[in-house]
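Chain residues, written in single-letter form:
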Amino acid sequence: QVRLVESGGDLVQPGGSLRLSCAASGSIATINTMAWYRQAPGKEREFVASATRGGNKKYDDSVKGRFTISRDNPRHMIFLEMSSLKPDDTAVYYCKADILSPSNEWGTYWGQGTQVTVSS
């Protein structure tokens, strides 16, 4: 069993900053890509940022220059540093990970989400 748990979501004013964390636990041999997605009310879930185990990072254009993704591979964790937050960043943020089990099977796992609300 693998579990992803996000934390760090909060209510923040426009222009503010927030740091999200996601921890993977369970039967894990290695983790390839870890990513953040978000889903605003009435909208589809969308890609925010990703980081491979080797350190390659990608960002959606809407967050480039404002969000920074990072990983702690030994602790199976991923982080999202968010700054210059806008009301449009309001969403539930989800962590996603591609995980290899000790039995050599790949699986894609999602966390339960953490709410980020940007409002004055």
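Let me begin by describing the structure that accompanies this report.

Conventions and cut-offs
Residues numbered from 1 in each chain as written. Predicted model: local features only at pLDDT ≥ 70, side-chain atom pairs only at ≥ 80, totals over all residues. Heavy atoms only, no water. Helix = DSSP H or I, 4+ residues; strand = E, 2+ residues; numbered from the N terminus. Contact = heavy atoms within 4.5 Å. Pairing = 2+ DSSP bridges. Axes fitted to C-alpha atoms, helices over the stretch in contact; angles between N-to-C directions. Buried < 20%, exposed > 50% of the residue type's maximum accessible area, 1.4 Å probe, protein only. Polar contact = N/O pair within 3.5 Å; in protein donor to acceptor, adjacent residues only side chain to side chain. Core = buried A, V, L, I, M, F, W, Y, C linked by side-chain atoms within 4.5 Å. Phe/Tyr/Trp six-rings, centres within 6.5 Å; stacked < 30°, edge-to-face > 60°. Lys NZ or Arg CZ within 6 Å of the ring centre and 35° of its normal.

Take the environment of Thr 117 next. Mapped onto the elements of the fold, Thr 117 is located in strand β11 (residues 114–118). Once residues within four sequence positions are removed from consideration, Thr 117 is found in contact with Asp 10, Leu 11, Val 12 and Thr 90.

Non-glycine residue Ser 84 carries a positive phi angle of around 50 degrees. Position of Ser 84 among the secondary structure elements: in the loop between β8 (77–82) and β9 (91–100). Positive phi, normally seen in glycine, also occurs at Asn 104, with a value near 70 degrees. Inspection of the secondary structure puts Asn 104 in the loop between β9 and β10 (106–110).

The strand order across the open sheet built from four strands is β1-β3-β8-β7, with neighbouring strands paired in antiparallel fashion. Every interior strand has two partners, whereas the edge strands, β1 (2–7) and β7 (67–72), have only one. The average undirected angle you get between the axes of adjacent strands in this sheet is 15 degrees. As paired elements, strand β3 (residues 18–26) and β8 share six bridges and run antiparallel to each other. Residue pairing across strands places Leu 18 opposite Met 82, the latter belonging to β8.

Our focus in this paragraph is the side chain of Thr 114. In this fold, Thr 114 is placed in strand β11. Looking at Thr 114, the relative accessible area reads 10%, which means it is buried. From its side chain, Thr 114 meets the backbone nitrogen of Gly 9 in a polar contact 3.0 Å long. Among all residues touching Thr 114, those that are not within four sequence positions of it are Glu 6, Ser 7, Gly 8, Gly 9, Leu 20, Ala 91, Val 92 and Tyr 93.

Now for the pairing of β1. Side chains Val 2, Leu 4 and Glu 6 of β1 all project onto a buried face; the interleaved residues Arg 3, Val 5 and Ser 7 project onto a face where none is buried. One ladder, built from six bridges, connects β1 with β3; its direction is antiparallel. Its bridge partner lying in β3, Val 5 is registered against Ala 23.

A few words on the nonpolar core. Within the largest apolar cluster, 29 residues are counted, with the highest numbers of intra-cluster contacts made by Trp 36, Val 48, Phe 67, Leu 80, Met 82, Tyr 93 and Ile 99. Going through the elements one at a time, β1, β3, β4 (30–39), β5 (46–51), β7, β8, β9 and β11 are the ones with two or more residues in this core.

What follows deals with the packing of aromatic side chains. Under the criterion given, the structure shown has two aromatic pairs. Measuring from ring centre to ring centre gives 5.0 Å for Tyr 37 and Trp 110, while their planes differ by 65 degrees; the resulting arrangement is edge-to-face. Of this pair, Tyr 37 sits in strand β4 while Trp 110 sits in strand β10, and the two are 73 residues apart along the sequence. Taking the relative accessible area as the measure of exposure, Trp 110 reaches 34% and is therefore partly exposed. Taken together, the aromatic side chains of Tyr 37, Phe 47 and Trp 110 make up a single cluster linked through ring pairs. It is Arg 45 that lies over the ring of Tyr 94; its NZ or CZ is 3.7 Å from the centre. Seen from the ring of Trp 110, Arg 45 lies directly overhead, with NZ or CZ sitting 4.6 Å from the centre.

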